[in-house]
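# Residue-level structure breakdown
One letter stands for each residue in the lines below.
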Amino acid sequence: MPDLSSFPRHSWLRALRQGLSSIESQSLGYTSPKGLPDARTAVSDYLRRTRGVLADPQRVVLCSGATQAIALLAHVLRNRSVAMEDPGFWLHRMVFRHHGIEPLPIPVDDDGLDVTALANTTASTVLTTPAHQSPTGIVLSPARRTALLEWARAGNLVIEDDYDAEYRYDRAPVGALHALAPDRVIYLGSVSKTLAPGLRLGWMVLPPDLVRPVVSAKSLADTGSSVMDQLAFAALLRSGDYDRHLRLMRRRYLARRNYLLHALREYLPDATVLGAAAGVHLTVRLPDDCDIEDIVRRAASRRVRIDPLSWCYTEPDCAPPGLILGYANLTESQIDTGVRAIAAAVGHSSQVVPDINGKVAPDSGP
Ligand SMILES: Cc1ncc(COP(=O)(O)O)c(C=O)c1O
């Protein structure tokens, strides 16, 4: 979750006013399900500039977040064998299942998606998060990128979910895979980590042969995404306010991430942090004897919500013990309180721990 209290309300209102004052009335009717040409061009310019994605606006489809993109693709690609990272985002696995597809699980190691394992399956499409693997945070290694592109060029399709590439704190982010094989890679992005998930605004950049079937599926799903939001987002991109917002958020999230790392070292020294310095979440491995379900339950009783890493595994019972910790939408004191509550649940601490709002609750101990 991004910092929802920092949503750029004034810039958004200004952008909406600007977009709405210049739009022709015709464009407020049923427009192309792909999205407004002006909004698709603005997204295309942004992706070229920031991710190296050469996206002809004709191949850009605006949609209701990455989730709808996956749903539309699941429908269009229903006759193909689909694979996804294991662990991978649980919601995407559920969306595929909802459309009658059981994604083949492909292991992830310290170099990211195991492309050799992928090539040994019958899959002809894979969903992957190469810039910052969800949930482990691992960046796909250069050798694996090359191997994955080779696999794609051999007649297969890669769905590249670039969900949080705006945030890389230690170096420039790796470029999008799409830039290297635009006809074999479907690129997905959204504003859910940059502005707010509640906007439900995302995009796909498609190989030419998929544009027509995906637009047809989008048309039948909802006849197109909200014109108002497209107008505002296009104007926000053009004004430079989106970039300014991201610069501000990067600094803030880096500080929050560092604070979380500090709190983990202090209260949970046995936790191992996975992945690169990037994104808006951090995944930690805990010692093998930790009872994750119990920890999650005890933390929840203090109003600290954490997702167990096991949710992201095809076989949750075989998952290593770990937790996914979001930090971008928390103040430093909430981070501190949250980690102390987790530590108490893990059994490293048995002191009196305040809940997320600073209220003190007696620690019942793990
Ligand atoms: C891996 C991954 N991809 C994409 C998204 C964004 O989905 P949407 O754009 O539908 O909000 C998320 C949100 O948590 C995510 O974790």
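Scroll up to find the structure.
All of the points below concern the structure found in this document. (Residues numbered from 1 in each chain as written. Predicted model: local features only at pLDDT ≥ 70, side-chain atom pairs only at ≥ 80, totals over all residues. Heavy atoms only, no water.)

## Digging into the site of the ligand
The line we're drawing: Each residue is tested against the molecule or strand, and it is near if at least one of its non-hydrogen atoms lies within 4 Å. Counting of polar contacts relies on pairs of N or O atoms within 3.5 Å, with two restrictions inside protein: one atom must be capable of donating a hydrogen and the other of accepting it, and residues adjacent in sequence are counted only when both atoms are side-chain atoms. For the area figures, the Shrake-Rupley method with a 1.4 Å probe applies, and any residue is considered shielded solely by the protein chains shown. A helix here means a DSSP run of H or I that spans at least four residues, while a strand means a run of E at least two residues long, and both kinds are numbered starting from the N terminus. Classification convention: Asp, Glu, Lys, Arg as charged; Ala, Val, Leu, Ile, Met, Phe, Trp, Tyr, Cys, Pro as nonpolar; all other residues, Gly among them, as polar.
Looking at the ligand, the residues that line it are Gly-65, Ala-66, Thr-67, Phe-89, His-92, Ser-134, Asp-161, Tyr-163, Ser-190, Ser-192, Lys-193 and Arg-200. Note that an oxygen atom of the ligand is positioned 2.7 Å from one of the side-chain N or O atoms of Ser-190. Here an oxygen atom of the ligand sits 2.8 Å away from a polar atom, N or O, in the side chain of Lys-193. Compared with its free state, where it exposes 400 Å², the ligand has 88% of that area covered by protein. It is helix H3 (residues 65-76) that provides the largest number of residues to the shell around the ligand, a total of three residues. Tallied by class, the residues present in the shell around the ligand amount to three nonpolar, six polar and three charged.

## Some points on the side chain of Ser-134
For clarity, the cut-off: We call two residues in contact whenever any of their non-hydrogen atoms come within 4.5 Å of each other.
Checked against the element boundaries, Ser-134 lands in the loop between strand E5 (125-128) and helix H6 (142-153). If we ignore the near neighbours within four places in the chain, the residues touching Ser-134 are Glu-85, Pro-87, Gly-88, Phe-89, Thr-129 and Tyr-163.

## Observations regarding the pairing of strand E3 (residues 104-109)
It is a general feature of regular strands that their side chains alternate between the two faces of the sheet. To be explicit about the condition: A pair of strands counts as paired when DSSP detects no fewer than two bridges linking them.
Looking at chain direction, strand E2 (residues 82-86) and E3 are connected through four bridges and run parallel. Looking at the pairing, Met-84 lines up with Pro-105 of E3. Sheet topology note: the E3/strand E4 (residues 112-113) ladder contains two bridges and is antiparallel. What sits directly across from Asp-109, in E4, is Gly-112.

## Some words on the environment of Gly-338
The condition that has to hold: Note on exposure labels: buried denotes an accessible area under 20% of the residue type's maximum, exposed denotes more than 50%, and partly exposed covers the range between, all computed with a 1.4 Å probe on protein chains only.
Take Gly-338: it is sitting in helix H11 (residues 332-346). The class for Gly-338 is buried, based on a relative accessible area of 8%. Taking C-alpha positions, Gly-338 is 31 Å from His-10, a pair spaced 328 residues apart along the chain.

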